Each structure stands twice: as C-alpha cells, then as structure tokens.
Amino acid sequence: MADDGSASNRRDPIKSSVGNVAGQRRRQQAVTVAKERRELLVRAKRLCRVGTTGGDEEDAHVENEMMIDEDQTVLEAQTSKAVEELKSAVQSQGKGAMQKRVTALRELRRLLSKSEFPPIDVALSAGAIPLLVQCLSFGSPDEQLLESAWCLTNIAAGQPEETKALLPALPLLIAHLGEKSSAPVAEQCAWAIGNVAGEGEELRNILLSQGALPPLARMIFPDKGSTVRTAAWALSNLIKGPESKAAEQLVRVDGIIEAILRHLKKTDEEIATEIAWIVVYLSALSDIATSMLLKGGILQLLVEKLATSNSLQLLIPVLRSLGNFVSVDPKAMLTILIGGQNTEENVINVLAKCLRSEHRVLKKEAAWVLSNIAAGSIEHKRMIHSTEAMPLLLQLLSTSPFDIRKEVAYVLGNLCVESAEGDTRPRIIQEHLVSIVSGGCLRGFIDLVRSADIEAARLGLQFIELVSY
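One structure accompanies this document, and this report is about it. Everything quoted here is computed from the prediction, not taken from an experiment.

Thresholds, definitions, all that
Each residue is numbered by its place in its chain's sequence as written, counting from 1. Selection of residues for local features in this predicted model requires a pLDDT of at least 70, selection of side-chain atom pairs for listing and counting requires 80 or more, and totals for whole chains, interfaces and linings are taken over all residues. As a rule here, side-chain values cover all heavy atoms of the structure and leave hydrogens and water aside. To qualify as a helix, a DSSP run of H or I must reach at least 4 residues; to qualify as a strand, a run of E must reach at least 2; elements of each kind are numbered from the N terminus. Partly exposed residues are those whose accessible area sits between 20% and 50% of the maximum for their type, while under 20% is buried and over 50% is exposed, using a 1.4 Å probe and protein chains only. Contacts were defined at the residue level, with two residues in contact if any of their heavy atoms lie within 4.5 Å. Each accessible area is a Shrake-Rupley result for a 1.4 Å probe, and residues are judged covered by the shown protein chains and nothing else. Two aromatic rings from Phe, Tyr or Trp, using only the six-membered ring of Trp, form a pair when their centres are within 6.5 Å; if the ring planes differ by under 30 degrees the pair is stacked, by over 60 it is edge-to-face, and anything between is tilted. Both a distance and an angle decide whether a charge sits over a ring: NZ of Lys or CZ of Arg must be within 6 Å of the ring centre and within 35 degrees of the ring normal. Each axis is a line fitted through C-alpha atoms, and for a helix only the stretch in contact is used; angles between axes span 0 to 180 degrees, taken between their N-to-C directions. The cut-offs work like this: below 35 degrees is roughly parallel, past 145 is roughly antiparallel, 65 to 115 is roughly perpendicular, and the gaps in between are oblique. Handedness of a helix crossing follows the sense of rotation of the near helix relative to the far helix, less than a right angle counterclockwise being left-handed and clockwise being right-handed. Charged residues are taken to be Asp, Glu, Lys and Arg, nonpolar residues to be Ala, Val, Leu, Ile, Met, Phe, Trp, Tyr, Cys and Pro, and polar residues to be all remaining types, Gly included. The arc in question is formed by the directions pointing from the helix axis toward the C-beta atoms. In this analysis, a patch consists of residues with relative accessible area above 30% that form no salt bridge, clustered at 9 Å for like charges and at 5 Å for the nonpolar side chains Val, Leu, Ile, Met, Phe, Trp and Tyr. Salt bridges, as used here, are contacts in which a Lys or Arg side-chain nitrogen is within 4 Å of a carboxyl oxygen on Asp or Glu. The disulfide definition used here is simple: a pair of cysteine sulfur atoms within 2.5 Å. Take the residue count of a helix, subtract one, and multiply by 1.5 Å to get its expected span.

What follows is about the overall build of the protein chain. Helix and strand content of the protein chain: 30 helices and 2 strands. The buried share among the 469 residues of the protein chain stands at 57%. Nonlocal contacts in the protein chain, meaning residues at least 24 apart in sequence, comprise 74% of its contacts between residues at least 6 apart. Surface exposure of the protein chain reaches about 19,400 Å², of which carbon and sulfur atoms provide 51%.

Take a look at the structure:
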C-alpha cells in the first residue's frame, strides 16, 4: 500500500486539513469503485448467454425472447429434470455416453442462461456442482469442458451463497487456465473465476491461495481479443482490494507491465477498458506497480485515450487512473502538461471536455483528477488557471449535484494556495484567489458550509478563511 506519510507531504494545505491524504484517497476509490461500475451496468459478475466460441448467439437471442412470459415454476421443474438427466449421463458408459453428457450439459446450460433470474438454487439443490466438477476433469472432450464451465459461470453469477457453492470446482477451473486447455475452454473458465472473484474479498483470497493469478495474468499476453478481454476483466476483479497483496503479486509476473502497455496502445476499446480497470487497482494499491507503470510511459497513453475516445466505459477508468498517478507523482504529470503541444492531447483541455460531458460520472472523475493536479506545484496551478477549465469549474460549483460540487471546490481551493510542509500556514496565490472570487464562487462555498457533510463543510470554511486573510 502507499505510504500515507509520504503522500501527505505532497498534498496541498486546502486538502490536508480535511484529511484527504493522497494515498488514502486512492485506496478508498479502489474499494468503492465496484458500486460505480454497477451503476454503469458494467457488472462485477456477468451472466454468460453466448459462449466463448460465439456459436450459439442466435439460439441465445431466441431463447431470451421466449423467456419473457415463461412461467418460473416451469423453468424450475425443467432445471431439476435437467440435473437428473445429467446425473444419468455421467453414470452412463459405452458408445454414445460422451454425446449424452454433452446433450445433458447443454440443456442445463440453456436453462441457466434463459432468464434474468436463472433457477440456480434449484440446480444446486438437485446436486449440480459435483456433476459439473466431474465433467470438468482433464481428458474430457472440449465440448463437454466448455459446457461444464459455462454452467459454472452462470451459477457463479448468482447470489453470494450460490457463488460460494463453486468452491469444489475452483481447482479444476484454475487448472484449465493453463496451456493444456484449448483457448475457448480457458476463456470460459476465466469467466467463471471472474464471477467468483467479483463476489468479495473472502473468495478472492481463496482464489489467490489456490494460484489463480499467474495463469490468469498470462492469458492477457497474446493478442487474442476475446480471451484478453475476459481474462483482463477477471484479473481486475481478482486484484481490486482492499488489500494490496494481489496487486503486488500481479506486477511480479514477468511481462505483465509490457502486456498492459501494449494493449492500451491498441485501438480495441473493449480490451482497453478492461486493461484500464487493472491499471486503476494497480495504481491505487501498489506503489511498486505505480512506479513501474510510470516508467513505462503510461501517462501519455492514458492522456491519448482521454483525447481520442468517446466511450464512457473507457473514459471512467482512464480518468481514475490519471488521478491516482497524479497523487503519487506530480512531477510526471507536469512533464505531460508542459509537453502536450497538440491541443487535443493537452490533458487540461481534455479534462475540460469531460467537465462539459452530459455524463455525471465523467464530470465527477474529471474534477477529481483536476483536484489532484491542483494540489501539486505552482506550475500545475497556473496551468489549470489559464485554461478553459476555469469557467467550467466555476459554473459547476453552483449548478452541479453535491458530489461534483465537492470535488470542484477542492480544485478551486487548491488553486489559491501554494503547497506547504507540516503546519506552515499556506501562502495564498493572490491572483488566483481574486480571479476565482470575482467569478462568483463564494455562494458555492457557503452552500458547502451549510451541508451535512463534515468534510465539505470544513472545505467551505477553509476557503472562506482564505478570503478573510
């Protein structure tokens, strides 16, 4: 984890008095980010309706349409029957036994994929897990392995206790991540593991103790789009914290930093999105990872993505990562700020674009990044103060929802004072303070003082004290 003491020496007095230590803030962002991903319909756990081979897409669409009015009781009865048929197929020997197992597995998988609320509890009560584990054994045909892993994937997408039912299957799921399994089987197993990891810290720790991370990490090395995307999503679930051990274990995998940087350079935004979430957690939880990524030139890559992409799903983790890196190494960001000759690639201008976005979450993330930049050197502050971001920030302080106004207040407050060590009174940047007050910000800060949020109230009082010096 980041050293809170060292981080506190880098933050501006306007932040230090309300306890927003940069390292602590990064960790808090990391452990709360899952909620925001759900708000964007990027689920921590994902039901698999179309297989990793993509061959059942039309059937899945038809089945989903058919399920709209189907009675749940009928579906449950069909599921119980499917498990019984699978039990019979597993016990079957001789000619046609393998095809019988595949047919039974496919029927169970179909039932577990049909509804928004699949009858997982019925499948578990009927004894599906031991049968699926048996069908996942090495030496089984790929079609059988794929169907078994697919069933387990959708069971893992259920309620917490349903996800925990997969514990007996984890060793085989992890084993199939290796090179001995075909790419579709490995990808489906990675998907199942991602759902398990998305359930919570307890199951993440079990997966880590069983060795899931190294083979999962190696799955993002090749340039195989679907496989990389699934493995990266599963990895982001596995390392999301709140402890740093998984992030630190990941950066010890040879070649992982190079793979992350390589995928970010490419134009596939779906892969870049999942990779960017890995970067979010690495930069929030591991100083070693942060240093390695900065040395690899990740800041420029993130700024380029910010400038060229219109994907909400990608921009959010890119913004979050930028904020994390700025709080760790302000000098690195200053190099990017000064070095951006192309207006499109100037990070402040790009952040201003996000402030103008219709999406509330982009405004908040952009303000958070700017608040970290504004907590840096006098050069950082001047860079923000001289750009089109200023009128946008002043407008947002008076017109935005509370959480955005709070982040904007940090930006404006930090622009008005120079960094100081320890308890030294901050030196006011008079030009900035006069300009910001003249822009009509006082009403916004007074409103913060009146809020029930203690941190926001302190921030508002602190700014008013600056004005009264």
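Now for the packing of aromatic side chains. If you walk through the whole model with that rule in mind, you get 2 aromatic pairs. Here Phe445 and Phe463 contribute two aromatic rings whose centre-to-centre distance is 3.9 Å and whose plane-to-plane angle is 5°, an arrangement assigned as stacked. Taken together, the residues span a long stretch of sequence, with Phe445 in helix H29 (residues 442-449) and Phe463 in helix H30 (residues 454-468) at a distance of 18 residues. The class for Phe463 is buried, based on a relative accessible area of 0%. Over the face of the ring belonging to Trp150 we find Arg109, whose NZ or CZ atom lies 3.9 Å from the ring centre. The ring of Trp368 carries the charged tip of Arg320 above its face, separated from the ring centre by 5.9 Å.

Take the packing of helix H18 (residues 269-285) against helix H21 (residues 312-328) next. H21 packs onto H18 with a crossing angle of 25° between their chain directions and a minimal axis gap of 8 Å. By the angle class used here, H18 and H21 are roughly parallel. Here the hand of the crossing between H18 and H21 comes out left-handed. Only Gln313, Leu314, Ile316, Pro317, Val318, Arg320, Ser321, Asn324 and Phe325 of H21 make contact with H18, whose side of the interface consists of Glu269, Ala272, Thr273, Ala276, Trp277, Val279, Val280, Ser283 and Ala284. By residue class, the composition of the contact of H18 with H21 is 11 nonpolar, 5 polar and 2 charged.

What follows is about the environment of Ala192. For Ala192, the location among the structural elements is in helix H12 (residues 183-197). Assessed through its relative accessible area of 0%, Ala192 is described here as buried. Along the backbone, Ala192 and Ala156 are 36 residues apart, and their C-alpha atoms lie at a distance of 6.4 Å. Once you skip the residues sitting within four places of it in the chain, Ala192 turns out to touch Ala149, Leu152, Thr153, Ala156 and Leu173.

Running from amino to carboxyl end, H21 crosses helix H24 (residues 360-374) at an angle of 15°, the nearest separation of the two axes being 8 Å. By the angle class used here, H21 and H24 are roughly parallel. In this structure, H21 crosses over H24, and the sense of that crossing is left-handed. Residues Leu312, Leu315, Ile316, Leu319, Arg320, Leu322, Gly323, Asn324, Val326 and Ser327 of H21 lie in contact with H24, whose contacting residues are Val361, Leu362, Glu365, Ala366, Trp368, Val369, Asn372 and Ile373. When its residues are assigned to classes, the contact of H21 with H24 shows 12 nonpolar, 4 polar and 2 charged.

Before going further, it helps to spend a moment on unusual backbone geometry. Trans is the prevailing form of peptide bonds, just as negative phi is the prevailing case for residues other than glycine. Note the cis peptide between Gly241 and Pro242, where omega equals 15°. The topology assignment puts Pro242 in the loop between helix H15 (225-238) and helix H16 (245-251).

Let's shift gears to helix H28 (residues 430-438). Three or more residues of H28 are buried, namely His432, Leu433 and Ile436. The buried residues of H28 occupy one face: seen down the axis, they fall within an arc of 100°. Turned more than 90 degrees off the buried face of H28, the exposed positions are Gln430, Glu431 and Ser438. Buried residues belonging to H28 abut helix H25 (378-385), helix H26 (389-399), helix H27 (402-415), strand E2 (427-428) and H30. Positive phi appears at Gly440, one or two residues downstream of H28, with a value of about 90°.

A few words on a nonpolar patch on the surface. A grouping of Leu442, Ile464 and Val467 is seen on the molecular surface, where their side chains present a nonpolar patch of about 180 Å² in accessible area. By the secondary structure assignment, Val467 is in helix H30.

Our next topic: the pattern of salt bridges. Tallying each qualifying case throughout the model produces 18 salt bridges. Taking the shortest distance from any N to any O, the salt bridge between Arg106 and Glu143 comes out at 2.4 Å. In this pair, Arg106 sits in helix H6 (residues 97-114) while Glu143 sits in helix H9 (residues 142-156), placing the two residues 37 residues apart along the sequence. Looking at Glu143, the relative accessible area reads 38%, which means it is partly exposed. Across the pair Glu202 and Lys164 runs a salt bridge whose closest N-O atoms are separated by 3.6 Å. Taken together, the residues Glu202 in helix H13 (residues 201-209) and Lys164 in helix H10 (residues 160-164) connect sequence positions 38 residues apart. Lys164 gets classed as partly exposed once you look at its relative accessible area, which sits at 28%. When salt bridges with common partners are traced through the structure, they connect Arg106, Arg109, Glu143 and Glu147 into a single cluster.

Note on placement: Asn195 falls in helix H12. Using a relative accessible area of 0% as the deciding quantity, one classes Asn195 as buried. Those residues in contact with Asn195 that lie beyond four places of it in its chain are Ala44, Lys45, Arg46, Thr153, Ala156, Ala157, Thr163 and Trp233.

Within the structure shown, the criterion is met by 0 disulfides. With no disulfide of its own, Cys416 lies 7.1 Å from the sulfur of Cys441, the closest cysteine sulfur.

With that out of the way, let us pick up H12. Between its first and last C-alpha atoms H12 spans 21 Å; for 15 residues at 1.5 Å apiece the expected length is 21 Å, and the two agree. In terms of residue burial, H12 counts as a mostly covered element, since 13 of its 15 residues are buried.

So, to be careful, I would describe these as geometric facts and stop short of saying anything about function.
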